[in-house]
Amino acid sequence: MLGDIVRRVEGMSWGEIRDSPDISTMLSEREADMRDIVDVELLSPDGNVVSHSNRFPSSTVDESDLDYFRFHRDSADDVTYLGEPVISHLSKVRSMTMSRKLRGPDGSFNGVVLLTIPVTYFSELLDSAMSKSDVAVLSRNDGTVIVAAPAPVADPDAPPQAHALFRAGAFPASPGSYRLLDSSGVARTVALRNFASYPLAVAIGVDESKVLEPWRSSNVLYVSILGLAVTAFLVSASIARSRAVSLTESNVALRETTSRLLLSQDSERRKIARDLHDSTAQNLLGANVEIEIALRRNPALNAEARAALERCAALISRSEQELRTLSYLLHPPMLDESGLPNALELLVSGFEKRCGIEVELRVAPQLAIVRPSRHVELAVFRVVQEALSNIHRHSDATTARIRLVNPRGGSHSVLFLTVSDNGGGMIDAAAVGVGLASMRGRLQALGGTLEITSGAKGTTVTATVPG
């Protein structure tokens, strides 16, 4: 987003930026694209806020003495800067900033693009990746702590630097895995890593006793039954082997056939979507233009004929919009162009407008940096699409919630997807059987799984797929 805004405004004078309603509209649209951003600002080289996303209209503000502005003004690098968490003067909540430098035609410093993000956004990210016994911190690379979880009970709003998560001097300084005692004397295994090219680090500490104790307590039982298990295995192995081989071969063949059918279906959907967009939609647009020309060049048309042509133009416009929506649902171009997070944002936005169901979407931000394979992105998108369709048709829900997390990060971990609603449960399981089978087939072809739980408080779809 920062890069898009930089490319949009570079080359414009600050007078043009200040007077252009398009720039203000563009900033508002960028803010609306990501719900966790509370403000987008453009600052001139003297530190004055020249344009912003208008959520908090205000007079000109001078921010030339703030850390992010001084960093970009004095640094020769074009890096993303993360500011220290402070109480935002606009939103009045604890927030942090992300910013990029603007350069003039000669390469000199020419201002700043700034995003403001509530710290609670990062708290929710940590919570989604932690169990109840874990502890974690999110910090800048210079050691400034942004979020500590769990938050201090005595004063949750206190600066996170005051939260003694680990004993003084014990916190690791470089990426890797460590074993240490926290401030409560609990032995923990801690993993610390950086976020790609961003100046962020995250550390999560696991209580070793919670992980190892169940194994220790059951170890004697496992040894006791091992002899019986080996005996039973040897007796049944020869009988089961031939059946297992046949079943495995059948399952492999079925998965391969299902995978080929789904790939063929997706390819055909992509072709149909492209043809609808490039041919049929353009023909409708041309027809609408011709009607407008006819109306403009024939002012003497009687009222009945003019009204008929205007109704025809309105029907064509509505059909064109419906055709574009259908083309997107068949295959979203955003998925190929900018990845899964943006495609899901656009899918959810269109679903809310069409169906009137409020949807809360949370996607792990690293999926925009280290993208999964094209097949994985498409499978996850189709599962979310089918789940939302079932919510609209069968659940009588008013709200839904989507979570896509990648707890371990990197390119070889597992993606966890949950889609839940507050409806009355799956009213007609047979009606959604084909859709569920399609979702399960997509995931199994990639080595993933799908589970459905449904009750009086709603339905939850849980999917896992290798990332």
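As a starting point, this report considers the structure included with it. (Residues numbered from 1 in each chain as written. Predicted model: local features only at pLDDT ≥ 70, side-chain atom pairs only at ≥ 80, totals over all residues. Heavy atoms only, no water.)

## Some remarks on the pairing of strand S10 (residues 187-195)
Of the strand pairs in this sheet, strand S9 (residues 176-181) and S10 are connected by six bridges, and their pairing is antiparallel. Across the sheet, the residue bridging to Leu180 is Arg188, located in S10. (Pairing = 2+ DSSP bridges. Helix = DSSP H or I, 4+ residues; strand = E, 2+ residues; numbered from the N terminus.)

## Section: the nonpolar core
Core analysis: the biggest nonpolar cluster contains 36 residues, and Leu344, Val380, Val384, Ile402, Leu404 and Leu417 have the highest contact counts within it. For this core, the elements supplying multiple residues, two or more each, are helix H9 (340-355), strand S12 (358-363), helix H10 (374-395), strand S13 (399-405), strand S14 (414-421), helix H11 (433-445) and strand S16 (458-466). Ranked by the residues each element gives to this core, the list is headed by H10, at nine residues. Contacts of Leu417, omitting those with residues within four sequence positions, involve Val380, Val383, Val384, Ile402, Arg403, Leu404, Val461, Thr462 and Ala463. Counting 32 residues, the second largest nonpolar core, distinct from the first, contains Val6, Val9, Ile17 and Leu126. (Core = buried A, V, L, I, M, F, W, Y, C linked by side-chain atoms within 4.5 Å. Buried < 20%, exposed > 50% of the residue type's maximum accessible area, 1.4 Å probe, protein only. Contact = heavy atoms within 4.5 Å.)

## Re the sheet that holds strand S11 (residues 198-207)
Hydrogen bonds along the backbone pair up the strands of a sheet, which may run parallel or antiparallel. The five strands are arranged S8-S7-S11-S10-S9 in an open sheet whose pairing can be described as antiparallel. Here the strands that pair on one side only, and so sit at the sheet edges, are strand S8 (145-149) and S9. Sheet twist, expressed as the average angle between the axes of neighbouring strands with direction ignored, equals 20°. Note: S10 against S11, eight bridges, orientation antiparallel. From the neighbouring strand, Arg193 faces S11, where its bridge partner is Val202. (Axes fitted to C-alpha atoms, helices over the stretch in contact; angles between N-to-C directions.)

## Focus on the packing of helix H1 (residues 2-9) against helix H3 (residues 21-33)
Where H1 meets H3, the axes come as close as 11 Å, and the angle between the chain directions of the two elements is 175°. On the basis of their axis angle, the class for H1 and H3 is roughly antiparallel. Contact residues: H1 offers Asp4, Ile5, Arg8 and Val9, while H3 offers Asp22, Ile23, Met26, Leu27 and Arg30. Partitioning the contact of H1 with H3 into residue classes produces five nonpolar, no polar and four charged. (Parallel < 35°, antiparallel > 145°, perpendicular 65-115°, else oblique. Nonpolar A, V, L, I, M, F, W, Y, C, P; charged D, E, K, R; others polar.)

## Focus: the sheet that holds strand S15 (residues 449-455)
The strand order S12-S13-S14-S16-S15 describes an open sheet built from five strands, whose pairing is mixed. The strands lining the two open edges of the sheet, one partner per strand, are S12 and S15. On average, adjacent strands in this sheet sit at an angle of 10° to one another, irrespective of strand direction. Relative to S14, S13 runs antiparallel, the two being bridged by six bridges.

## Focus: the packing of aromatic side chains
Geometrically, a pair of aromatic rings is defined through the distance of the ring centres and the angle of the planes. The full count for this structure, using the stated rule, is two aromatic pairs. Ring centres of Phe69 and Phe109 lie 5.5 Å apart, and the angle between their planes is 80°; on these two criteria the pair is classed as edge-to-face. Of this pair, Phe69 sits in helix H4 (residues 67-74) while Phe109 sits in strand S6 (residues 109-118); the two residues are 40 residues apart in sequence, bridging distant segments of the chain. Measuring from ring centre to ring centre gives 4.5 Å for Phe71 and Tyr81, while their planes differ by 20°; the resulting arrangement is stacked. Here Phe71 is found in helix H4, whereas its partner Tyr81 is found in strand S3 (residues 81-82), with ten residues between them in sequence. (Phe/Tyr/Trp six-rings, centres within 6.5 Å; stacked < 30°, edge-to-face > 60°.)

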